[in-house]
Structure formats: structure tokens, C-alpha cells
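# What the coordinates show
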Amino acid sequence: ALINAFSHFLLDKLETEDGIRLKVKEIARDISENFYDSSIDLQEILKKSGYSVDYIRGQFRKIMGKTPTDFLTEVRIHHACYLMDIYAHTIALSEIAEKCGFSDIYHYSKSFKKIIGVSPGTYNKSTIT
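An account of the accompanying structure is given in this report. (Residues numbered from 1 in each chain as written. Predicted model: local features only at pLDDT ≥ 70, side-chain atom pairs only at ≥ 80, totals over all residues. Heavy atoms only, no water.)

## Here we look at the nonpolar core
Core analysis: the largest hydrophobic core is formed by 16 residues, its most contacted members being I27, I31, I45, I56, F60, F71 and L72. Going through the elements one at a time, α1 (2-34), α2 (42-47), α3 (53-64) and α4 (68-86) are the ones with two or more residues in this core. Residue contributions to this core peak at 5 residues, all from α1. Not counting the four nearest positions on each side in its chain, I31 is found in contact with I40, L42, I45, P68, F71 and L72. The next biggest cluster of nonpolar side chains, apart from the first, holds 13 residues, and it includes I77, C81, I91 and I96. (Core = buried A, V, L, I, M, F, W, Y, C linked by side-chain atoms within 4.5 Å. Buried < 20%, exposed > 50% of the residue type's maximum accessible area, 1.4 Å probe, protein only. Helix = DSSP H or I, 4+ residues; strand = E, 2+ residues; numbered from the N terminus. Contact = heavy atoms within 4.5 Å.)

Have a look at this one:
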């Protein structure tokens, strides 16, 4: 009976961990599909998971290696790089920032430099072929 109880405990734990991983994947997908929305509400996305916001945020960080906010910022910045690579010099940097969900150009520039290592302007100049 003890072994049976222990095996049920392990199965429940595995199912819970798999369930949390699925929820984290759903959250990451939701963020990735809506990153361009400057009014994206991460709290609301986390609440939809059915877990407490603090718990699922911690699980997101544990599984993804970054907070939901950092994940959102990275998705936005990498999309900005994509836009600069594709539309080099035909779209203003401020428009790229807006298309990527940034409403504050200063925050965009600071985040860009932190993640990419150079300013958006310097990156954009490097796309000249």
C-alpha cells in the first residue's frame, strides 16, 4: 500500500509539473503572439493560467530562465532587429519601436542596447550592404 501511495504521489507530481510546463508554454506563446501590443497586460496573461500570479511567474522564470517581462522585452527587441534587417533604412527607428510594442523610445533604446550590445541606430547602420 505504501508503494502504491508513493507511485500515485509521483504520478501526480509529474502530471502537475507537466501541467505547469504546458501553462508556461501557453504564456510564452501568448506573449509572442501579442508582443506588438504596447498595452499588453502580463498580469492578466499570468492570471489566465489558473495559478497564482506570483507562483506562475516563478515557474516561468524557472522554466524559461527569465521573467515574463524580460521574455517580452527580448521578443520585442529581436523582432525590431528583424524589421531593421528586412527594411533597413526605409522605416524610422521610432516606427520600428512602435511596431514592436514600445511606447517609449528611450526605454526601447535602453532595452535594445542591453540585449543586442549596441544602440538601435548603430545596429541599423550595420545593416547597410
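## Some remarks on the packing of aromatic side chains
In total, this model carries 6 aromatic pairs according to the counting rule given. Ring plane angle 45 degrees and centroid distance 5.6 Å describe the contact between Y51 and Y55, whose orientation is recorded as tilted. Residue class for Y51 comes out partly exposed when judged on its relative accessible area of 29%. For Y55, a relative accessible area of 37% puts it in the partly exposed group. Aromatic ring contacts, followed pair by pair, group F102, Y108, F112 and Y123 into a single cluster. (Phe/Tyr/Trp six-rings, centres within 6.5 Å; stacked < 30°, edge-to-face > 60°.)

## Details of helix α6 (residues 105-116)
Given a rise of 1.5 Å per residue, 12 residues ought to cover 16 Å, and the 16 Å separating the end C-alpha atoms of α6 matches this to within 8%. What α6 keeps buried is the set Y108, S111 and F112. An end-on view of α6 places all buried positions within 105 degrees of arc, on one side of the element. Structural note: α6 exposes Y106, K110, K113 and K114 on the side pointing more than 90 degrees away from its buried face. Elements that come into contact with the buried residues of α6 comprise α4, α5 (93-99) and α7 (120-125). (Expected span 1.5 Å × (residues − 1). Arc of directions from axis to C-beta.)

## Here's the deal with the pattern of salt bridges
Taken as a whole and assessed by the stated rule, the structure comprises 6 salt bridges. The residue E33 makes a salt bridge to R29 at a minimum N-O spacing of 3.9 Å. Taken as a pair, E33 and R29 lie in helix α1 at a separation of 4 residues, close to a single helical turn. Taking relative accessible area as the criterion, E33 reaches 48% and is therefore assigned partly exposed. (Salt bridge = Lys/Arg side-chain N within 4 Å of Asp/Glu carboxyl O.)

## Notes on the environment of Y36
Assignment of secondary structure puts Y36 in the loop between α1 and α2. Sequence separation between Y36 and G101 is 65 residues, and the spatial gap between their C-alpha atoms is 4.0 Å. Setting aside anything within four residues of it in sequence, one finds Y36 in contact with E98, K99, C100 and G101.

## Points about the side chain of N124
Structurally, the position occupied by N124 is in helix α7. The exposure class assigned to N124 is buried, which follows from its relative accessible area of 7%. In contact with N124, not counting residues within four places along its chain, are M84, A88, H89 and L93.

## Digging into α3
Taking 1.5 Å per residue, 12 residues should reach 16 Å; α3 reaches 16 Å between its end C-alpha atoms and fits that length. Following α3 by one or two positions, G65 adopts a phi angle in the positive range, close to 80 degrees.

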